[in-house]
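Here is what each chain is made of, one letter per residue.
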Amino acid sequence: MNPLVDLSFDIPFDAIRAEHVHPAIDTLLERARKAVDAIAAQTEEPTYASTLDALEAATEPLERAMAVVGHLESVASTPELREAYNAVVPEVSAFFASLPLHEGLWKVLNHLASSEEARRLSPTRKRFLQKTLDDFRRHGAELSPEGKERLRAITRELAELTSRFAQNVLDATAAFELVIDDERRLAGLPPTAIEAARESARQKGIDGWRFTLHAPSYVPLMTYLDDAAIREQVWRAYDTRASYGSFDNRPLVRRILELRREKARLLGFSDFSDLVLANRMARNGERASEFVRRLRERTEPHFRRENEELERFRASQGGTGPLQPWDVAYWAEKQRRALFDFDEEELRPYFPLERVIEGMFEIARRLYGVRIVERKGLPVWHPDVRTFEILDADGTMLCRFYADLFPRDEKRGGAWMNGLVTGVVREGKRAPHLGLICANFTPPTASRPSLLTHREVETLFHEFGHLLHHAFSEVEVRSLGGTNVAWDFVELPSQIMENWCWEREALDLFARHYQTGAPIPDELFERLRRSRTYRAANAMMRQLGFARVDLDLHREWTPEKGDVFEFARRILQEHSPAPLPPESAMIASFNHLFSDEVGYAAGYYSYKWAEVLDADAFDRFQQEGIFNPEVGRAFRREILARGDTLPPEELFRAFRGRDPSLDPLFQRAGLA
């Protein structure tokens, strides 16, 4: 029996094979098509149950199977699984793109919208009906037959190109390794990084110290290694990933941008940003660009000052010649240590992964009244994967989730959360949710457990925040539940969780030395707090550079404006503390923009947009108590539980009592 055809809540990850993918997806596609055609062909007066509810049910098995296969391809990729996944993606994408173009379905939905039943729908269902109609219009429901056919072709090609883009990045990242056999060249690296590099080499059966482009290897090397030549070699490899050879994404980037622009104009929008932002908080590309401009205007004087200070510090330490991109992190870390006598590696022994997880769960208990327990013996895709369940105060299981936290060659980089099953509320009963969090943290070695940096702790809290948004959903419509919210609102629940990583009261719950059990000493904690705003303007400008290059690529760039990589490089240079080399090609590996048909395309600004929201929302916790259960209940009730049942502006006002302000963000960053 094919395990993908009738997936239940208990997913048999250990039984799914590449050969299951194509036949299962073919079967599920056929079922979905028949169900959609039946909805469109109904002759009785359409009802909510016979239209929107039936449409949700028709597509859910296919969506779940594709989510599982796509997930496995990103964490346990094999040539066979990748080939199978690539083979089905275009057809599945074409199916979902065809729904707004289905004349019978469009007619039935409009019939429902004009009916007496529509006027009697609950507010959530009424919102779902209106959003569905708007979404169908934005995706071609009112196009001519010729326009619909062209839209189908664009959608299919984008699905193919964006999937290839992501796989090229994965392959290009995995293809690089640097093996050093002279220990003297490791000068400057902390012992944890040296030990991890030795372990990486041992696992590959080679002598020496092995470095890769995965973050746990790349970041310490760029931050601490004294050998500038090696830093340059690795920085250039990272910066030019997937921009040459058999993994070259440059032609894909150009074609993706051309297709997105054509799609937007076909649908009556001036550019792709206006198309994708129409149902987000920013509303259009101009407003998003203005938001980025306002933040940059307030940040730029501080950015210039910070870089002048770094140049002076470097000169005082004997540094000569112009500052290069591969020098910035190295000299910034030296300056931070000189200013604050602080080295983030000093904190690593206080963040053993197991205690961090326990502390994170305790914070969730104090804020939201839940208990989180581990479940053993459930099928997983790799022995490292762990399974947990979130139980409400009355013992009800709200959510089960998987945690896959260490890097592997067959696993993509970065950190993310995915929802596999979004439960709904029916007749007062909540169905449980199913999700996962993945990361690439520093793995354990033979002599010590996994010890995290403070940044890795923040990353874990961030993804856990996304998971809680999914887990606490209490919505009667699946498509409006959990993290299915406006893209520039979805980062609020994740980013707000990072704030507890900076509070003494929270850190004392879990930050204990892995050998002695001692808490972080007061003087070390104070140095951590003081360093929080170190080069905050550079961190802000880096994100604003990504946001602007994203918006300008989707609003301004055309082939007539020249090479797209040069266009992007000029923008990124304005936001860089050091000159970028001519061959710099960061956007060739910019998964956020190009690894999905939409993804964060024209929406990268949303990280900063949500940061404004999270700084302002956390300001209430700071004023009323960071573990105040009343504030925690309000955040769960007004933000986490509501999904997209109301416009996000209204949800924020319900929690905060007013519209968001920029001021808390700049105050937190020390840039006020």
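Structural notes, computed from the coordinates.

**Section: the overall build of the protein**
When helices and strands are counted, the protein shows 26 helices and 9 strands. Considered along the principal axes of its C-alpha atoms, the protein spans approximately 80 × 60 × 50 Å. In the protein, which comprises 672 residues, the proportion classed as buried is 58%. Considering only contacts in the protein between residues 6 or more positions apart, those separated by 24 or more positions represent 74%. Surface accessibility of the protein: about 27200 Å² in total, with carbon and sulfur atoms responsible for 49%. Computed over 91 positive and 107 negative side-chain charges, the separation of the two mean positions in the protein equals 2 Å.

**Thoughts on the packing of aromatic side chains**
Using the criterion set out here, one finds 34 aromatic pairs in the structure. Taken together, the aromatic side chains of Trp 487, Phe 546, Phe 590, Tyr 600, Tyr 604 and Tyr 607 make up a single cluster linked through ring pairs. The residue whose ring lies beneath Arg 504 is Phe 525, and the NZ or CZ to ring-centre distance is 5.1 Å.

**With respect to the sheet that holds strand β3 (residues 371-375)**
Taken together, the 5 strands give an open sheet; going across it, the order is β3-β4-β5-β9-β6, and neighbouring strands pair in mixed fashion. The sheet terminates laterally at β3 and β6 (416-421), the two strands that pair on one side only. On average, each strand axis in the sheet is inclined to that of its neighbour by 25 degrees, with strand direction left out of account. Across the sheet, helix α15 (residues 353-368) touches β3, β4 (386-391) and β5 (397-404), and the angle it forms with β4 is around 15 degrees. Sheet strands in contact with helix α16 (residues 454-471) are β3, β4, β5, β6 and β9 (433-438), and its direction is about 170 degrees off that of β9.

**A look at the packing of helix α13 (residues 285-316) against helix α20 (residues 536-555)**
Contact pair α13 / α20: the axes reach a minimum separation of 8 Å and the direction vectors enclose 145 degrees. Classified by chirality, the crossing of α20 by α13 is left-handed. Two secondary-structure elements touch here, α13 through Gly 285, Glu 286, Ala 288, Ser 289, Val 292, Leu 295, Arg 296, Thr 299, His 302, Phe 303, Glu 306 and Asn 307 and α20 through Ala 536, Ala 537, Asn 538, Met 540, Met 541, Leu 544, Ala 547, Arg 548, Leu 551 and Arg 555. Class assignment of the residues belonging to the contact of α13 with α20 gives a composition of 11 nonpolar, 6 polar and 5 charged.

**Concerning unusual backbone geometry**
At Arg 283, a position not held by glycine, the phi torsion is positive, near 75 degrees. Looking at Arg 283, the relative accessible area reads 38%, which means it is partly exposed. Despite not being glycine, Arg 535 has its phi angle at roughly 55 degrees, a positive value. For Arg 535, a relative accessible area of 10% puts it in the buried group.

**Concerning the state of the cysteines**
Two cysteines, two sulfur atoms, one covalent bond between them: this is a disulfide. The full count for this structure, using the stated rule, is 0 disulfides. Of all cysteine sulfurs in the structure, the one in Cys 438 sits closest to Cys 399, which takes part in no disulfide; the separation is 14 Å. Lacking any disulfide linkage, Cys 501 is separated from the closest cysteine sulfur, that of Cys 438, by 19 Å.

**Brief notes about the side chain of Glu 344**
Summarising the element assignment, Glu 344 is placed in the loop between α14 (325-340) and α15. Within the structure, the side chain of Glu 344 is placed 3.0 Å from the backbone nitrogen of His 454, a separation counted as a polar contact. Only 3.0 Å separates the side chain of Glu 344 from the backbone nitrogen of Arg 455, close enough to count as a polar contact. Sequence-distant contacts of Glu 344, that is, excluding residues within four places in its chain, are made with Tyr 224, Glu 333, Arg 336, Thr 453, His 454 and Arg 455.

**A closer look at the pairing of β9**
With respect to burial, β9 is a largely interior element, 6 of its 6 residues being buried. The side-chain alternation of β9 yields two buried faces, one formed by His 433, Gly 435 and Ile 437 and the other by Leu 434, Leu 436 and Cys 438. Two elements, β5 and β9, share 6 bridges in a ladder whose sense is parallel. In the sheet register, Tyr 402 faces β9, and the bridge partner there is Leu 436. Examined bridge by bridge, β6 and β9 share 5 bridges and lie antiparallel to one another. Across the sheet, residue Val 421 finds its bridge partner in β9, namely Leu 434.

**Description of the pattern of salt bridges**
This model, assessed by the stated rule, comprises 81 salt bridges. A salt bridge links Asp 248 to Arg 250; its shortest N-O distance comes to 2.9 Å. Residue Glu 574 is joined to Arg 548 by a salt bridge in which the shortest nitrogen-to-oxygen separation is 2.5 Å. Taken together, the residues Glu 574 in helix α21 (residues 564-574) and Arg 548 in helix α20 connect sequence positions 26 residues apart.

**Looking at the environment of Glu 526**
By the secondary structure assignment, Glu 526 is in helix α19 (residues 522-531). Residue Glu 526 is classed as partly exposed on the basis of its relative accessible area, which comes to 38%. Counting along the chain gives 124 residues from Glu 526 to Glu 650, while the straight-line C-alpha distance between them is 37 Å.

**Comments concerning the side chain of His 454**
By the secondary structure assignment, His 454 is in helix α16. Exposure remark for His 454: the relative accessible area of 2% places this residue in the buried category. Leave out the neighbours within four places in its chain, and His 454 touches Glu 344, Leu 347, Phe 351, Cys 501, Trp 502 and Leu 528.

**Details of the packing of α13 against helix α23 (residues 606-624)**
Contact geometry of α13 with α23 gives a least axis separation of 10 Å together with a crossing angle of 65 degrees. The angle between the axes of α13 and α23 places the two elements in the roughly perpendicular class. Here α13 runs over α23; the crossing is left-handed. The segment α13 lies against α23, with Arg 287, Phe 291 and Leu 295 engaging Lys 608, Trp 609 and Val 612. Class assignment for the residues of the contact of α13 with α23 results in 4 nonpolar, no polar and 2 charged.

**Notes on helix α6 (residues 123-138)**
Spanning 16 residues, α6 covers 22 Å between terminal C-alpha atoms, matching the ideal 22 Å at 1.5 Å per step. Every buried residue of α6 is accounted for by Thr 124, Arg 127, Phe 128, Leu 129, Thr 132, Leu 133, Phe 136 and Arg 138. On its buried side, α6 packs onto α2 (52-75), α4 (103-113), α5 (116-120) and α12 (272-277). Of the residues flanking the end of α6, it is Gly 140, one or two places downstream, whose phi is positive at about 105 degrees.

**Topic: helix α11 (residues 250-266)**
Compared with the 24 Å implied by 1.5 Å per residue over 17 residues, the 25 Å span of α11 between its first and last C-alpha is a close match. Those residues of α11 that are buried are in contact with α7 (145-175), α12, α20, α21 and α22 (591-594). Gly 268 occupies a position one or two residues after α11 and carries a positive phi of about 90 degrees.

**Things to note about the environment of Arg 314**
With respect to the helices, strands and loops of the structure, Arg 314 is situated in helix α13. Measuring from C-alpha to C-alpha, the distance between Arg 314 and Gln 335 comes to 8.0 Å, with 21 residues separating the pair along the chain. Not counting residues up to four positions away in its chain, the partners in contact with Arg 314 are Gly 319, Thr 320, Gly 321, Pro 322, Leu 323, Asp 327 and Trp 331. A distance of 2.8 Å separates the side chain of Arg 314 from the backbone oxygen of Thr 320, its partner in a polar contact.

Conventions adopted
Residues numbered from 1 in each chain as written. Predicted model: local features only at pLDDT ≥ 70, side-chain atom pairs only at ≥ 80, totals over all residues. Heavy atoms only, no water. Helix = DSSP H or I, 4+ residues; strand = E, 2+ residues; numbered from the N terminus. Buried < 20%, exposed > 50% of the residue type's maximum accessible area, 1.4 Å probe, protein only. Contact = heavy atoms within 4.5 Å. Areas by Shrake-Rupley, 256 points an atom, 1.4 Å probe, with all protein chains shown as cover. Lys, Arg positive; Asp, Glu negative; His and termini not counted. Charge placed at Lys NZ, Arg CZ, Asp CG, Glu CD. Phe/Tyr/Trp six-rings, centres within 6.5 Å; stacked < 30°, edge-to-face > 60°. Lys NZ or Arg CZ within 6 Å of the ring centre and 35° of its normal. Pairing = 2+ DSSP bridges. Axes fitted to C-alpha atoms, helices over the stretch in contact; angles between N-to-C directions. Left-handed = near helix turned anticlockwise from the far one by under 90°. Nonpolar A, V, L, I, M, F, W, Y, C, P; charged D, E, K, R; others polar. Disulfide = S-S within 2.5 Å. Polar contact = N/O pair within 3.5 Å; in protein donor to acceptor, adjacent residues only side chain to side chain. Salt bridge = Lys/Arg side-chain N within 4 Å of Asp/Glu carboxyl O. Parallel < 35°, antiparallel > 145°, perpendicular 65-115°, else oblique. Expected span 1.5 Å × (residues − 1).

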